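Chain by chain, the residues:
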Amino acid sequence: MLVSDFDFELPKELIAQHPAANRDASRLMVLHRRENRIEHRTFRALLDYLRPGDVLVLNNSKVIPARLHVVNPRTSGASEILLLEENSPNDWWALIRPAKRARIGTELMLVDLRGERTDVSVTVIDTNAEGHRRLRFQRVPGILPGSDFNIANEMESLGELPLPPYIKRDHLSPEDTTRYQTIYAQERGSVAAPTAGLHFTEHLLTEMRARGVHLCYVTLHVGLGTFLPVKADRVEEHVMHYERFHVTQETADTINNAKNEHRRVIAVGTTSTRVLEAIAREHDGRIAPGTGRTNIFIHPPQTFRIVDALVTNFHLPRSTLLMLVSAFTSPGESIGRERIVAAYAEAVRERYRFFSYGDAMLIL
């Protein structure tokens, strides 16, 4: 299957630059797979499609202020760092722009949000095939024995949330600090929000519990790869990036009991879906608790072993996320793609808002 099969025309004005006034006031397209039928609702109407006993699985990863600024003390050249993954305290893989200023051995100084140099040095200690830099953070002139310095604890005062590249703003707005996080975000580690969860409010979750819906959480830390284009010509040639995940015993038991009793498991977002289906592949259709990394690539044709329904946003053309929702829409190689492309065309006609701050879709 060709990557170009997942292309579609999207007017730029439909790429949401700000969130809806209220989280659950965004629109909701409901796609019924069996009848190939579409409804147009608001996100609050999600309650109408849930049943007592359903299990709703949400990703509780929290976006970190992963965008940092540094300066070379010798040349005064400024660079931007996007932290990607923590190896150990003060040891991170990161993306640096411009990359030519970040050769192995280069020492940089961190700059705070006011543009003032701090006493934190950043040393480039390695590179990888993707061009990412491995960085070591320390206080100048070095960490004293017993020091508890950890850059992860300094990010709130030194870093900024890394908004996606299709949100065209020079600076964060005050709303971004709250609205680019889910209300249930707990575990720090993502460089992008699990955006399907941005529509949920405390009131909506309370209503779901009152109606007998079981809520449980997985953690998958969203990485840079969520924004990277698919460069291969054929879908099967693309290699996914790895992302870290964690599933508790309580979540595993809740989901396994639901599957045993033929109750629905509804994934909120492609990240939750990837965790569940990756674990199910390794454990004969069951969910096992634990921590790991996955680079599962879900594309047509695909049989889903855990997820029965999916809440998701509208995704980029030619993206792996669009391929995942195509696979979920139908197990057939071409039918799911055709249905999703048709649904997206209707979303464009109906002026839905796309991507991270955009509207949502429920696939039943």
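What comes next is a walk through the structure. (Residues numbered from 1 in each chain as written. Predicted model: local features only at pLDDT ≥ 70, side-chain atom pairs only at ≥ 80, totals over all residues. Heavy atoms only, no water.)

Let's shift gears to the nonpolar core. By size, the foremost hydrophobic cluster in this structure holds 67 residues, and its most contacted members are Tyr-180, Ile-255, Leu-276, Tyr-344 and Phe-354. Ranked by the residues each element gives to this core, the list is headed by helix α6 (residues 320-329), at 6 residues. Beyond its immediate sequence surroundings of up to four residues, Ile-255 is in contact with Val-55, Val-57, Cys-216, Val-265, Leu-276, Ile-287 and Ile-306. By size, the runner-up hydrophobic cluster in this structure holds 27 residues, among which are Leu-83, Ala-94, Ala-152 and Met-155. (Core = buried A, V, L, I, M, F, W, Y, C linked by side-chain atoms within 4.5 Å. Buried < 20%, exposed > 50% of the residue type's maximum accessible area, 1.4 Å probe, protein only. Helix = DSSP H or I, 4+ residues; strand = E, 2+ residues; numbered from the N terminus. Contact = heavy atoms within 4.5 Å.)

Looking now at the sheet that holds strand β16 (residues 309-313). Taken together, 9 strands build an open sheet; the order of strands is β2-β1-β17-β16-β14-β3-β12-β13-β15 and the sheet is mixed. The outermost strands of the open sheet, each flanked by one partner alone, are β2 (37-42) and β15 (290-294). Averaged over neighbouring strand pairs, the angle between their axes works out to 25° when direction is ignored. When β16 meets strand β17 (residues 360-363), the two strands line up antiparallel, connected through 4 bridges. Of the residues in β17, the one forming a bridge with Val-311 is Leu-362. The strands touched by helix α4 (residues 249-260) within the sheet are β3 (55-59), β12 (214-220), β13 (243-247) and β14 (265-268), with β12 carrying the most contacts at an inclination of about 125°. (Pairing = 2+ DSSP bridges. Axes fitted to C-alpha atoms, helices over the stretch in contact; angles between N-to-C directions.)

Once that is clear, we can look at the sheet that holds strand β8 (residues 107-111). One closed barrel holds the 6 strands; their spatial order is β5-β6-β7-β10-β9-β8, and the pairing between them is antiparallel. The average angle at which neighbouring strand axes cross in this sheet is 45°, direction not considered.

Following the sequence through the fold, Asp-359 ends up in the loop between α7 (335-349) and β17. One polar contact links the side chain of Asp-359 to the main-chain amide nitrogen of Arg-27, over a distance of 2.9 Å. If we skip the residues at most four places from it in the chain, Asp-359 touches Ser-26, Arg-27, His-199, Asn-313, Phe-314, Tyr-352 and Arg-353. (Polar contact = N/O pair within 3.5 Å; in protein donor to acceptor, adjacent residues only side chain to side chain.)

Moving on, we get to the packing of aromatic side chains. For the coordinates displayed, the defined rule picks out 12 aromatic pairs. For the pair Phe-8 and Tyr-344, a centre-to-centre distance of 5.1 Å together with 75° between the ring planes defines the contact as edge-to-face. Residue Phe-8 is located in the segment before β1 (27-32), and its partner Tyr-344 is located in helix α7; the two are separated by 336 residues in the primary sequence. With respect to burial, Phe-8 and Tyr-344 carry one shared label: buried. The interplanar angle of 45° and the centroid separation of 5.1 Å between the aromatic rings of Phe-314 and Phe-354 together place this pair among those described as tilted. (Phe/Tyr/Trp six-rings, centres within 6.5 Å; stacked < 30°, edge-to-face > 60°.)

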